[in-house]
Amino acid sequence: MLLQETGKPQQLPASHARLTFICPFPLPPPLNSNSLRSLPQNSNPNNKFPTMETARRLLRRLHNLFCLIAAPLLSFLPLPPRRLPSLVAVREAVLCLAFLRRGLVPRTVAVGPTSASLHFWIPAAHRPGRPSLVLVHGFGGNAKWQWERQIGPLSRSFDLYIPDLVFFGRSRSDGEDRSVGFQARCVVEGMRRLGVEQYAVVGISYGGFVAFRMAVMAAEAVDRVVILTAGICSAEKRRELVRNEGRDVSEILLPQRAEDLVTLLRRSMYRPPRWIPAFLLRDFIEVMYKDRRKERVELLKELLQKGVDMEPLPVLKQETLILWGDQDKVFPLSLAYQLQSMGSFCSRQKPYNEADAEENEQAEEIERRIARETKAEQHIHKLLLLGAGESGKSTIFKQIKLLFQTGFDEAELRSYTSVIHANVYQTIKILFDGAKELTQNESDSSKYVVSCENKDVGEKLSDIGSRLDYPYLTKEIANEIKTLWNDAAIQEAYSRGNILQVPDCAQYFMENLERLSETDYVPTKEDVLYARVRTTGVVEIQFSPVGESRKSGEVYRLYDVGGQRNERRKWIHLFEGVRAVIFCAAISEYDQMLFEDETKNRMMETKELFDWVLKQACFEKTSFMLFLNKFDIFEQKVQKVPLNVCEWFKDYQPMASGKQEVEHAYEFVKKKFEELYFQSTKPERVDRVFKIYRTTALDQKLVKKTFKLVDETLRRRNLIEAGLL
């Protein structure tokens, strides 16, 4: 068996780590046919189109120039997106011409008993002596978009047969079978009806699963196999990959929103474009993903549940080549080695030699490494960071990285520049739009009227804040934002931030506008802590509160998940095997409403969520650490806004003023959470650890001290369970 890891000398470059998505932008160099070293290669001295090469290069350069200059300008046109020509549809037509120019013609073949039809691109004429090669695409699009860059080099040496899998491109089926086996049967039957008796097959991503099944079911017809970054693995491993994703995989692989398509690009391309016009993203989704999306989602679910639907995986008898990207962000490189070590592939029978011995040694080393990692995992304690949206979980997560890991390097700091600039634009839009809303709804509306000289600026900034892509914060724009921020009406609106959903970072960023707009601006660690990014999915970090050495303290793996309601469905799969739950409650939000439901008080939502988490059966023996967070904001607010404005705290009676009142109010809130804990905990569970900590996520010293206390508590619990205390 051959296993190639890309990114190493004289092998496929890492930029080909993923080919599941190709967009109408400059792309990496094509996969050279010489890379498929297990397949016979021939030259083509009789190329029919030598004079077209120069024209092709010129067209590509003009296309790239358009993408760099014209496409960005189009995104600022006042025309609605539907009036713009579909550039993706135009690109689709250009790809058809490219396939025709390579001597390929379209052909639709009826396959199977379920009225299925498979659309192929096949050679216009069979060339004697040329082996046949089937190219099977992945989930990222149809055959044209997947293989456009490869047909040129490969058509010189092979007769190419390129199918659109069922429910992709022009391929159809009236049946209900969504399995990988069904796709493989359709391709095999299609090749039989096309009169091709012997062929090699190349499959990438989803196409790799199909190629595997084709090799099993049509062993006599398929003589060689190439698998490119296809995570063919056990059911348990597939479930682990889905859990690690932390969100519905179909949202990424079959995006419906521009931001999901951007996520797909970043995951599937080694060097994705830094910027793509929003209208072009929407155009691509409209053309490529709207048609037969339901059936494709069903295909994906079937794939995740059953894979190639063969357990255990059979051994392929064909000579097989695995190509993998060492920067693959969808299927990690370890899957390639596991695939090899499982013995699912073997080369044609050859005498045992030193190369075989070396390969066996490599497989044994992989098994030893997996065993060591499994053993090491047993000493890592799993912590779950839960809480409602805006509770400060992500800020605590960033503090952990700063305190107990290496922190943020310059590249990571720079990556927050766009986030911080977006926070600035979003904040000023919320305040300006909020002032207009208060002018219409409040009795004393005059104080919310923005001055005449600032209205135009406000409208301009509000428009910028509505975009998907925010411009870089320049000195000129920063001065306009500062002027608007200092407007009396905007300050009045800011004082009503509890009803306008003004983020906590507003004042900090407004006071630092001059620094944030510098041309060589690099965010500071404090800037990063204030930066607000809504958490989606699941992120994790491994750390030790005492030190990096395991001998000096326990090692923890902390999971942070989105707190908004639509993110909580992703929590469930993380609940097993948790050593402790750290629940964040923003005690300063007792007078605020939810971002996702403006009729629901945030503190009441936190109460209900904490109650629900406490009652989960899987947390029967799990320790609970309650972080009463945002105390710095709480101590300022509670002296101005009575605590009893919240339904849960309606029985609160103020008793003092100043610091005494702050402490009195805090102790009242703390007691409320304690009462809720004991009310929601069954009598047989009351012996589990429950601790409450006063926290301010932005206070690094306090967070460090808190986590050392958490560490001591959990270590003591470990000793008690071991019978040593």
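Residues numbered from 1 in each chain as written. Predicted model: local features only at pLDDT ≥ 70, side-chain atom pairs only at ≥ 80, totals over all residues. Heavy atoms only, no water.

(A) A look at the overall build of the protein. The secondary structure content of the protein amounts to 28 helices and 14 strands. Relative to its 725 residues, the protein shows a buried fraction of 52%. Relative to all contacts within the protein whose residues are 6 or more apart in sequence, the contacts with residues 24 or more apart total 76%. Working note: accessible area of the protein is about 34,600 Å², and carbon and sulfur atoms make up 51% of it. (Helix = DSSP H or I, 4+ residues; strand = E, 2+ residues; numbered from the N terminus. Buried < 20%, exposed > 50% of the residue type's maximum accessible area, 1.4 Å probe, protein only. Contact = heavy atoms within 4.5 Å. Areas by Shrake-Rupley, 256 points an atom, 1.4 Å probe, with all protein chains shown as cover.)

(B) Representation of the environment of L300 within the structure. Of note, L300 is situated in helix 12 (residues 293-306). Classification of L300 as buried rests on a relative accessible area of 2%.

(C) Seen up close, the environment of F167. Mapped onto the elements, F167 comes out in the loop between strand 5 (159-164) and helix 6 (180-193). Judged by relative accessible area, F167 falls into the buried class, the value being 2%. For the pair formed by F167 and R293, sequence separation is 126 residues and the distance between their alpha carbons is 8.5 Å. When neighbours within four sequence positions are excluded, F167 is seen to be in contact with S173, R178, R292, E295, R296 and L299.

(D) How the structure looks around helix 27 (residues 658-680). Its 23 residues place the ends of helix 27 34 Å apart at the C-alpha level, agreeing with the 33 Å of an ideal helix rising 1.5 Å per residue. Within helix 27 the residues assigned to the buried category are E661, V662, A665, Y666, F668, V669, K672, F673, L676, Y677 and S680. On the buried face of helix 27, the contacting elements are strand 12 (580-586), helix 25 (602-614), strand 13 (623-629), helix 26 (631-637) and strand 14 (690-694). (Expected span 1.5 Å × (residues − 1).)

(E) Region of the structure containing the sheet that holds strand 13. Pairing within the open sheet is mixed, and its 6 strands lie in the order 10-11-9-12-13-14. The strands lining the two open edges of the sheet, one partner per strand, are strand 10 (538-543) and strand 14. The mean angle between the axes of side-by-side strands here comes to 20°, regardless of whether they run parallel or antiparallel. With 7 bridges connecting them, strand 12 and strand 13 associate as parallel partners. Within strand 13, the position partnered with V581 by the bridge is F624. (Pairing = 2+ DSSP bridges. Axes fitted to C-alpha atoms, helices over the stretch in contact; angles between N-to-C directions.)

(F) Main features of the packing of helix 17 (residues 417-441) against helix 19 (residues 475-485). Interhelical geometry of helix 17 versus helix 19 gives an angle of 35° and a closest axis separation of 11 Å. Considering how the two elements wind past one another, helix 17 and helix 19 form a crossing that is left-handed. Listed contacts from helix 19 to V424, Y425, I428, L431 and F432 of helix 17 are I477, I481, L484 and W485. Looking at side-chain class alone, the contact of helix 17 with helix 19 contains 9 nonpolar, no polar and no charged residues. (Left-handed = near helix turned anticlockwise from the far one by under 90°. Nonpolar A, V, L, I, M, F, W, Y, C, P; charged D, E, K, R; others polar.)

(G) Fine view of the pattern of salt bridges. Taken as a whole and judged by the stated rule, the model has 31 salt bridges. Here E589 and R602 are joined by a salt bridge, their closest N and O atoms 3.0 Å apart. With E589 in the loop between strand 12 and helix 25 and R602 in helix 25, the pair connects residues that are 13 residues apart, well separated along the chain. Classification of R602 by relative accessible area gives buried; the value is 6%. With its nearest N and O atoms 3.2 Å apart, the salt bridge here joins K630 to E589. Remark: E589 occurs in the loop between strand 12 and helix 25 and K630 occurs in the loop between strand 13 and helix 26; sequence separation between them is 41 residues. Accessibility classification places K630 together with E589 in one group, the buried group. Salt bridges sharing common partners tie together D504, E589, R602 and K630. (Salt bridge = Lys/Arg side-chain N within 4 Å of Asp/Glu carboxyl O.)

(H) Representation of the nonpolar core in the model. The biggest cluster of nonpolar side chains holds 73 residues, and the ones touching the most others in it are Y199, Y206, M214 and I232. Setting aside residues no more than four positions away along its own chain, M214 makes contact with V136, A184, V187, V188, Y199, V201, A219 and V222. Counting residues in each nonpolar core, the second largest holds 40 residues, with V578, M603, V638 and C646 among its members. (Core = buried A, V, L, I, M, F, W, Y, C linked by side-chain atoms within 4.5 Å.)

(I) Spotlight on the confidence of the model for the protein. Chain-level statistics for the protein give a pLDDT mean of 78 and a share of 75% at 70 or above. Per-residue pLDDT, averaged within each element of the protein, yields its smallest value for strand 1 (residues 2-5) (40) and its largest for helix 23 (residues 513-516) (95). Contacts from residues 343-352, a stretch scored under 50 in pLDDT, to residues over four places away or in other chains number 31 contacts. (pLDDT = per-residue confidence, 0-100.)

(J) Layout of the packing of aromatic side chains. Tallying each qualifying case throughout the model produces 28 aromatic pairs. Between the aromatic rings of F619 and F624, the centroid separation amounts to 5.9 Å while the plane-to-plane angle is 85°, which identifies the pairing as edge-to-face. With respect to burial, F619 and F624 carry one shared label: buried. Within the aromatic cluster, the residues linked to one another by ring pairs are F583, F610, F619, F624, W648, F649, Y652, F668, F673, Y677, F678 and F690. Here R694 stacks its cationic end above the ring of F631, 4.3 Å away from the centre of that ring. Over the aromatic face of Y666 sits the side chain of R694, whose NZ or CZ is 4.1 Å from the ring centroid. (Phe/Tyr/Trp six-rings, centres within 6.5 Å; stacked < 30°, edge-to-face > 60°. Lys NZ or Arg CZ within 6 Å of the ring centre and 35° of its normal.)

(K) Fine view of the packing of helix 25 against helix 27. Between helix 25 and helix 27, the least distance of the axes is 9 Å, while the angle of their chain directions is 35°. Regarding helix 25 and helix 27, the two cross each other, and that crossing is right-handed. Contacts between helix 25 and helix 27 involve M603, T606, K607, F610, D611 and L614 on the former and, on the latter, F673, L676, Y677 and S680.

(L) Region of the structure containing helix 3 (residues 87-101). If you check helix 3, its first and last C-alpha atoms are 21 Å apart, about what 15 residues at 1.5 Å a residue would give, namely 21 Å. All of the buried residues along helix 3 are V88, R91, E92, L95, C96, A98, F99 and R101. Immediately downstream of helix 3, the backbone of G103 shows phi near 80°, a positive value.

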